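These are the residues of each chain, in order.
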Amino acid sequence: VNPNKGATRLNDGRTDVRGQRYVCGGCNGGDVGQKLSVFAVQQDEETLQLHHQEIVSDVEVTNSLCFLDETTMYLADSPQKQIWSYDYNPDAQVPFNEILSNKTVVHAKDEYMKF
């Protein structure tokens, strides 16, 4: 989940309504400002090896990756106190260059608000 390595871990994972798998990460602590990613994961049908491709980058701690339907993906970044929506294209093929577009902040907490 972090190409720079460091103290990171898988923190969340989901499938879309068609069964496409996604995983994302979080920090184990101590590495403030660590930037992580969300990856699409596919399994090669012949070799059974897993392959992944980054679809979202520059996330600190991913939470609540979810799909409303076949056209919208939501992602929360806890330290940034924001929830984003993306237009989602489930028909995109590897490489997933066209899978997400139109990143929009749908909710943001003021730094003085409590959770």
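For the structure itself, look to the data block above.
Right, let's walk through the structure included here.

What counts, and where the lines are drawn
The numbering scheme is per chain: residues are counted from 1 as the chain's sequence reads. This being a predicted model, a pLDDT of at least 70 is required before a residue's local features are given, and a value of 80 or more before pairs of side-chain atoms are given or counted; all residues contribute to the totals for chains, interfaces and linings. To obtain the side-chain values, all non-hydrogen atoms of the structure were used and water was disregarded. Definition used in this section: a nonpolar core is a set of buried Ala, Val, Leu, Ile, Met, Phe, Trp, Tyr and Cys residues joined via side-chain atoms within 4.5 Å. Accessibility here uses a 1.4 Å probe with only protein chains present; expressed as a share of the type maximum, an area under 20% marks a residue as buried, one over 50% as exposed, and anything in between as partly exposed. Each helix is a run of H or I in the DSSP string that is no shorter than four residues. Each strand is a run of E no shorter than two, and both are numbered from the N terminus. By definition, residues are in contact when any of their heavy atoms lie within 4.5 Å. Any Lys or Arg side-chain nitrogen found within 4 Å of a carboxyl oxygen on Asp or Glu counts as a salt bridge.

## Overview of the nonpolar core
Grouped together as the largest cluster of nonpolar side chains are 18 residues, with contacts concentrated most on Y22, I55, V56, M73, L75, I99 and L100. Those elements that place two or more of their residues in this core are β2 (21-27), β3 (36-43), β4 (50-59), β5 (62-67), β6 (72-77) and β7 (82-88). When sequence neighbours within four positions are dropped, the list of residues in contact with L100 reads I55, V56, M73, Y86, D87 and Y88.

## Quick look at unusual backbone geometry
The residue L48 is not glycine, and still its phi comes out positive at about 65 degrees. Position of L48 among the secondary structure elements: in the loop between β3 and β4. On the basis of relative accessible area, L48 is assigned to the exposed category, the value being 54%. Unusually for a residue other than glycine, K81 sits at a positive phi of about 55 degrees. With a relative accessible area of 22%, K81 lands in the partly exposed category.

## Remarks on the pattern of salt bridges
Under the defined criterion, the tally for this structure stands at 3 salt bridges. The salt bridge involving R18 is made with E70; its shortest N-O contact spans 3.1 Å. One end of the pair, R18, is in the loop between β1 (8-15) and β2; the other, E70, is in the loop between β5 and β6, and 52 residues separate them in sequence. By relative accessible area, which is 45% here, R18 ends up partly exposed. Of the charged contacts, one joins D91 and R18 as a salt bridge, the two residues approaching to 2.5 Å between their closest N and O atoms. Within this pair, whereas D91 is found in the loop between β7 and β8 (100-108), its partner R18 is found in the loop between β1 and β2, the two being separated by 73 residues in sequence.

Structural measurements only, silent on function.
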